[in-house]
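# Analysis of the macromolecular model
Next come the chains, spelled out residue by residue.
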Amino acid sequence: MSTTTVQKTKPIFVKVNELQPGKSGYNLTVKVVESNLVTPAIRKIGSLTRPFRTPRIAECLIGDDTGCIIFTARNDQVDVMKTGATVTLRNAKIDMFKDTMRMAVDKWGLIQVTDPVSFEVNRQNNLSLVEYELVIVPVQ
């Protein structure tokens, strides 16, 4: 029986201005500029009256010295993504919401509070304000 050793590779960190629609696997260190709890819409599921857990959701403006983007924090992530915190996001992804980019970290990613950084967040370059249009290219 042979044993193989797996070499761990160091994560590659990117800046906010490098984010692209529909991509994933991003690692970055950002500041939380603001965090606002969102009241989820109440969904009626037929005639079921069973109680179900309402998810906690917060929309957070996060960024670095190159730009900012809205991050959607869910459940336990809401407690970590507090205004003024500096966090490292691992394996983050870009979701599209109403034709705009939103960042999220799912169960395959990680959010860690880290030491404060010295940069000021560039609020002039808000990637969540850019509207994208899906263009279907016909196959020839």
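The written sequence of each chain sets the order in which its residues are numbered from 1. In keeping with the model being predicted, local features are shown solely for residues with a pLDDT of at least 70 and side-chain atom pairs are shown and tallied solely at 80 or more, while totals for entire chains, interfaces and linings include all residues. Note: side-chain values were computed over all heavy atoms of the structure, leaving out hydrogens and water.

You'll find the protein entered in an unreviewed UniProt entry as Single-stranded DNA binding protein Ssb-like OB fold domain-containing protein, with Eruca vesicaria subsp. sativa given as the organism.

## Comments concerning the overall build of the protein
Our working rule: Numbering goes from the N terminus for both helices and strands, where a helix is a DSSP run of H or I of at least four residues and a strand is a run of E of at least two. Burial status follows relative accessibility: with a 1.4 Å probe on protein chains alone, a residue under 20% of its type maximum counts as buried, one over 50% as exposed, and anything between as partly exposed. By definition, residues are in contact when any of their heavy atoms lie within 4.5 Å. Each accessible area value is a Shrake-Rupley result obtained with a 1.4 Å probe; residue values ignore everything except the protein chains displayed when judging cover.
When helices and strands are tallied, the protein shows 1 helix and 6 strands. Counting all 140 residues of the protein, 34% fall into the buried class. A separation of at least 24 residues holds for 65% of the contacts in the protein among residues at least 6 apart in sequence. Total accessible area on the protein is roughly 10,300 Å²; 53% of this is exposed by carbon and sulfur atoms.

## A word on unusual backbone geometry
Trans is the prevailing form of peptide bonds, just as negative phi is the prevailing case for residues other than glycine. The phi dihedral of Asn75 falls on the positive side, at around 50°, and the residue is not glycine. Relative to the helices and strands, Asn75 is located in the loop between β3 (67–74) and α1 (77–80). Despite not being glycine, Lys98 has its phi angle at roughly 50°, a positive value. Relative to the helices and strands, Lys98 is located in the loop between β4 (86–97) and β5 (100–104).

## Some details on the pairing of strand β1 (residues 24–38)
Spelled out, the test is: For two strands to be treated as a pair, DSSP must find no fewer than two bridges joining them.
With 6 bridges joining them, β1 and β4 adopt antiparallel strand pairing. Bridge assignment links Lys31 to a residue of β4, and that residue is Thr86. When β1 meets strand β2 (residues 57–64), the two strands line up antiparallel, connected through 7 bridges. Among the inter-strand pairings, Lys31 is bridged to a residue of β2, identified as Gly63.

## A short note on the nonpolar core
Note the cut-off: The set of buried Ala, Val, Leu, Ile, Met, Phe, Trp, Tyr and Cys residues whose side-chain atoms join them within 4.5 Å is what this entry labels a nonpolar core.
Counting 25 residues, the largest nonpolar core has Leu19, Ile62, Phe71, Met81, Leu89 and Met103 as the members making the most contacts within it. Those elements that place two or more of their residues in this core are β1, β2, β3, β4 and β5. Look past the residues within four positions of Met81 in its chain and what remains in contact with it is Val32, Ser35, Cys60, Ile62, Phe71, Ala73, Val87 and Ile111.

## Some points on the side chain of Lys31
Structurally, Lys31 can be placed in strand β1. Here Lys31 is in contact with Leu61, Ile62, Gly63, Ala85, Thr86, Val117, Phe119, Glu120 and Val121, once residues within four sequence places are set aside.

## A word on the pattern of salt bridges
In plain terms, the rule: Any Lys or Arg side-chain nitrogen located within 4 Å of an Asp or Glu carboxyl oxygen qualifies as a salt bridge.
For the structure shown, the criterion picks out 6 salt bridges. For the salt bridge of Asp79 with Arg56, the shortest nitrogen-to-oxygen distance reads 3.0 Å. Linking Asp79 in helix α1 with Arg56 in the loop between β1 and β2, this pair joins segments that are 23 residues apart in sequence. The residue Lys93 makes a salt bridge to Asp106 at a minimum N-O spacing of 3.8 Å. One end of the pair, Lys93, is in strand β4; the other, Asp106, is in the loop between β5 and β6 (110–113), with 13 residues separating them in the sequence. Judged by relative accessible area, which is 29%, Asp106 ranks as partly exposed. Shared partners join several salt bridges into a network, and the residues in it are Lys93, Asp95 and Asp106.

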